[in-house]
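# Topology and contacts: notes
Now for the letters of each chain:
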Amino acid sequence: MHADYEALQLVNNTVGHRFELTIAGHTAFILYRHVPGKTTLIHTEVPPELEGKGAGNAIVEKTLQYIEAQGDKLVPLCPFVRAFIKRHPEWKRIVSDDVNI
C-alpha cells in the first residue's frame, strides 16, 4: 500500500453497504453484502481523480484487513478484488472455502 494511504481510515458505511476510503476529497468504495461470518465484495469503484495512484489497491487491502479482523470469510465477486488476491496470494487465507481463486 502506498505510504500516504496507510494512516487513512476505512469507513464501513453500513447504510450504503459499502466500505469507503476518502483520499484528497475523493471517495473510493467497495460495495458489499454481509451475513454472519461472511462478507461478499461485489464492486470496487475509484474516482477518475484517483485512478493510477494506488487508491484501488489501498481500499482493497484495508477492506481485507477489516474483514479478517472481524473474523469473517471473504467471497470476492468483484473482479478487481479477485485480481488483487491473485497478486497477493497471502490473502487467500480469508477466502471462503467454497470459493476457487
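In the block above lies the structure referred to throughout.
Read on for an overview of the structure. (Residues numbered from 1 in each chain as written. Predicted model: local features only at pLDDT ≥ 70, side-chain atom pairs only at ≥ 80, totals over all residues. Heavy atoms only, no water.)

So, about the pattern of salt bridges. In this structure the tally under the stated criterion is three salt bridges. In this structure, Glu 20 and Arg 18 form a salt bridge, with 2.6 Å as the shortest nitrogen-oxygen distance. Its relative accessible area of 14% is what places Glu 20 among the buried residues. Take Arg 18: its relative accessible area is 23%, and that puts it in the partly exposed class. (Salt bridge = Lys/Arg side-chain N within 4 Å of Asp/Glu carboxyl O. Buried < 20%, exposed > 50% of the residue type's maximum accessible area, 1.4 Å probe, protein only.)

Our next topic: helix 1 (residues 55-70). Residue pairs three or four apart in sequence face the same way in an α-helix, which turns once every 3.6 residues. An ideal rise of 1.5 Å per residue puts 22 Å on 16 residues; helix 1 measures up with 23 Å between its terminal C-alpha atoms. Of the positions making up helix 1, those classed as buried are Ala 55, Gly 56, Ala 58, Ile 59, Val 60, Lys 62, Thr 63, Leu 64 and Ile 67. At its buried positions, helix 1 is contacted by strand 2 (18-23), strand 3 (26-35), strand 4 (38-45), strand 5 (73-76) and helix 2 (79-87). Once helix 1 finishes, Gly 71 follows within two positions and takes phi at roughly 80 degrees, a positive value. (Helix = DSSP H or I, 4+ residues; strand = E, 2+ residues; numbered from the N terminus. Expected span 1.5 Å × (residues − 1). Contact = heavy atoms within 4.5 Å.)

Now for the packing of aromatic side chains. This structure, assessed with the given rule, holds two aromatic pairs. One cation-aromatic arrangement involves Arg 93 over Trp 91; the distance from NZ or CZ to the ring centre is 4.3 Å. (Phe/Tyr/Trp six-rings, centres within 6.5 Å; stacked < 30°, edge-to-face > 60°. Lys NZ or Arg CZ within 6 Å of the ring centre and 35° of its normal.)

What follows concerns the packing of helix 1 against helix 2. With their axes 10 Å apart at the nearest point, helix 1 and helix 2 run at an angle of 80 degrees to one another. When the axis of helix 1 is compared with that of helix 2, the two are roughly perpendicular. Contact with helix 1, carried on its side by Gly 56, Asn 57, Val 60, Glu 61 and Leu 64, involves Phe 80, Val 81, Phe 84, Ile 85 and Arg 87 of helix 2 and no other residues of that element. Of the residues in the contact of helix 1 with helix 2, the class split is six nonpolar, two polar and two charged. (Axes fitted to C-alpha atoms, helices over the stretch in contact; angles between N-to-C directions. Parallel < 35°, antiparallel > 145°, perpendicular 65-115°, else oblique. Nonpolar A, V, L, I, M, F, W, Y, C, P; charged D, E, K, R; others polar.)

Turning our attention to the pairing of strand 5. Bridge analysis of strand 4 against strand 5 gives four bridges, and the strand direction is parallel. Counterpart to Thr 40 in the pairing with strand 5 is Val 75. Each parallel crossover has a hand, and the one from strand 4 via helix 1 to strand 5 is right-handed. (Pairing = 2+ DSSP bridges. Right-handed = clockwise from strand over helix to strand, strands pointing away.)

Right, let's get into helix 2. Looking at helix 2, one finds that the buried residues are Val 81, Phe 84 and Ile 85. Taken around the axis of helix 2, the buried residues stretch over an arc of 95 degrees, which confines them to a single face. Counted as exposed and oriented over 90 degrees from the buried face of helix 2: Pro 79 and Lys 86. Each element contacted by the buried residues of helix 2 is listed here: strand 4, helix 1 and strand 5. (Arc of directions from axis to C-beta.)

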